[in-house]
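Secondary and tertiary structure notes
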Amino acid sequence: MTKIDDDFDSGGPPLAARAPSPHLAALSKKARDYARNARSDNTRRAYDADWRQFSGWLRRQGLDPLPPDAQTVGLYLAACMEEARGHTPLSVSTLERRLAGICWHYRQRGKPLDTSDRHISTVLAGIRRAHARPPLQKEAIFADELLAMLATLEMDLRGIRDRAILAIGFAGGLRRSEIVGLDCGPDQSEDGSGWIEIFPPAGPDNEGGAMLQISGKTGWREVEIGRGSRPETCPVALLETWMRLGRISQGPLFRPIARKNGGVSPERLTDKHVARLVQKTALAAGIRGDLTEGERRLAFGGHSLRAGLASSAQIEEAHVQKHLGHASPEMTRRYQRKRDRFRVNLTKAAGL
C-alpha cells in the first residue's frame, strides 16, 4: 500500500509554524502591502491616531487593550463626551470614526470587537440622541466664484499649478485626496490613486478633453472633463500649461515648488494644500463677505469644489451621481446646496 504523507493527510502544521520558503516570504510581504492599501493613507493615519488616543486612555486608567472588552470601550466613548478643563467633547461623527478606528485595529490583531454588544450600542445610541447635530457642510463654490478665485493667483509657476488644481477639482467634482493622488499615467507610482489622459480634438463635434481614472470609495470610476470656452479658465488648458511649464510627464501630477529656486519637486503634494488653497483664494476673492475672516476659513475647504459642481450642474441627477462616484442619490443630494426645493408639493397634492 502506498504510504500516505502524514503532514498532507492531517493538513500539516500551519504556515506560521513552517520555515518560510523565499517564495512564501515574498508573498507574505506582498500580502502585507495589499493589506496596507486596503485603506487610504488618510484613513490609516486617522485610525492610527484613534488607536493612540484609546491606548493612552487605557494606560491612564490602568487597563490593558487586550483582550477587547465591550464594557471598557463603552466607558471610553462616554469619557470622550466629557467636558473638562482642557478637553472639548468630540462631535458624534468624530466619535463614530474613532470607534471605527478602534475596531479596525482590533481586527488586525485577530481580536474583533463586537460593537452590537449593549455596553457599546446603547451608550452610542444615547450619545447620538443627546449630542447629534446635522453635519456641518462646507460652503459650495460656484462657477462665477471660482473664476474670481482664479483671478487672485499670480501668473508664476506656482499660480499656474494652483489654477489647474482648482479648475480640475471643480470640473471633476473631486475630493482633495483624489486631486493630489493623480499621476500622469497608469502604474507610475506606488502611492497614486488614479491617473489622467488628455485627448486632443477629434472633429467639429468632439473638442477632446481629459479623462481621469479615479480609485475612490466606490471603486474605479471614469471622470470626463471637457474643454472650456476660454484658455484662461479651461481646466484642460490650465492642466496642459502646468505640465508643459513644470516639465511633468511622469509620476505625480501636482507637486510642491521650492521657494528658494522655484524648482518642481518630484514628490506629491499633500491634500492639505488643496484645503488651504481653497480657503486662501476664497478669502482673497471676498466670497461670503458677510462672514468674519475666521468664519470664512471654516466655511471653505476641499469639499467646496465638489459641492460647487454638484450644485451648479444643470443636468440629470444620475449623471451628477456617476460623476461624483456616489453609491446613492441621497449622498449626491447632500452635496447639492441649491437644489430645486419644493418643486414637488405634497401638501397641495394631498388637498390642503
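Above this note sits the structure.
A brief report on the enclosed structure follows. For clarity, every value in this text was computed on a predicted model and none was experimentally measured. (Residues numbered from 1 in each chain as written. Predicted model: local features only at pLDDT ≥ 70, side-chain atom pairs only at ≥ 80, totals over all residues. Heavy atoms only, no water.)

1. Description of the nonpolar core
Within the largest apolar cluster, 45 residues are counted, with the highest numbers of intra-cluster contacts made by Leu166, Leu212, Trp242 and Phe254. Looking at this core, the elements with two or more residues in it are α7 (143-151), α8 (157-172), α9 (176-180), β3 (209-216), β4 (219-226), α10 (235-245), α11 (271-284) and α13 (302-312). In terms of residue count, α8 provides more of this core than any other element does, eight residues in total. Those residues in contact with Leu166 that lie beyond four places of it in its chain are Leu146, Met149, Leu150, Leu153, Leu277, Val278, Thr281 and Leu305. Counting 22 residues, the second largest nonpolar core, distinct from the first, contains Trp57, Tyr76, Ala79 and Met81. (Core = buried A, V, L, I, M, F, W, Y, C linked by side-chain atoms within 4.5 Å. Buried < 20%, exposed > 50% of the residue type's maximum accessible area, 1.4 Å probe, protein only. Helix = DSSP H or I, 4+ residues; strand = E, 2+ residues; numbered from the N terminus. Contact = heavy atoms within 4.5 Å.)

2. Description of α7
Taken together, the buried positions of α7 are occupied by Leu146, Met149 and Leu150. In an axial view of α7, the angular spread of the buried residues amounts to 100 degrees, which keeps them on one side of the axis. Looking at α7, the residues exposed on the side facing more than 90 degrees away from the buried face are Asp144 and Ala151. (Arc of directions from axis to C-beta.)

3. Some details on the pattern of salt bridges
Counted under the stated rule, the structure contains 13 salt bridges. Arg128 is the partner of Glu96 in a salt bridge, and the nearest nitrogen-oxygen pair spans 2.6 Å. A residue pair is termed long-range when its members are at least 10 positions apart, and Glu96 in helix α5 (residues 92-108) and Arg128 in helix α6 (residues 118-131) qualify at 32 residues. Given a relative accessible area of 31%, Glu96 falls into the partly exposed group. As a salt-bridge pair, Asp271 and Arg176 come within 3.4 Å of each other at their nearest N and O atoms. Of this pair, Asp271 sits in helix α11 while Arg176 sits in helix α9, and the two are 95 residues apart along the sequence. Asp271 gets classed as buried once you look at its relative accessible area, which sits at 9%. When its relative accessible area of 32% is taken as the criterion, Arg176 is described as partly exposed. Among the ionic contacts, a cluster of salt bridges with common partners joins Asp50, Arg97 and Arg98. (Salt bridge = Lys/Arg side-chain N within 4 Å of Asp/Glu carboxyl O.)

4. Quick notes on the packing of aromatic side chains
Here the structure, examined in full by the defined rule, presents seven aromatic pairs. For the ring pair Trp51 and Tyr106, a centre distance of 5.1 Å and an interplane angle of 90 degrees mean the geometry is edge-to-face. With Trp51 in helix α3 (residues 41-61) and Tyr106 in helix α5, the pair connects residues that are 55 residues apart, well separated along the chain. For Trp51, a relative accessible area of 10% gives the class buried. Among the aromatic side chains, those forming a connected cluster through ring pairs are Trp51, Phe54, Trp57, Tyr76 and Tyr106. (Phe/Tyr/Trp six-rings, centres within 6.5 Å; stacked < 30°, edge-to-face > 60°.)

5. Here we look at the sheet that holds strand β1 (residues 182-183)
Strand order in this open sheet of four strands is β1-β2-β3-β4, and the pairing throughout is mixed. What marks the edges here is a single partner per strand, and that holds for β1 and β4. Here strand β2 (residues 194-199) runs beside β3; their pairing, made up of six bridges, is antiparallel. If you follow Gly194 over to β3, its bridge partner there is Ile214. Running at roughly 105 degrees to β2, α10 makes contact with β2, β3 and β4 of the sheet. (Pairing = 2+ DSSP bridges. Axes fitted to C-alpha atoms, helices over the stretch in contact; angles between N-to-C directions.)

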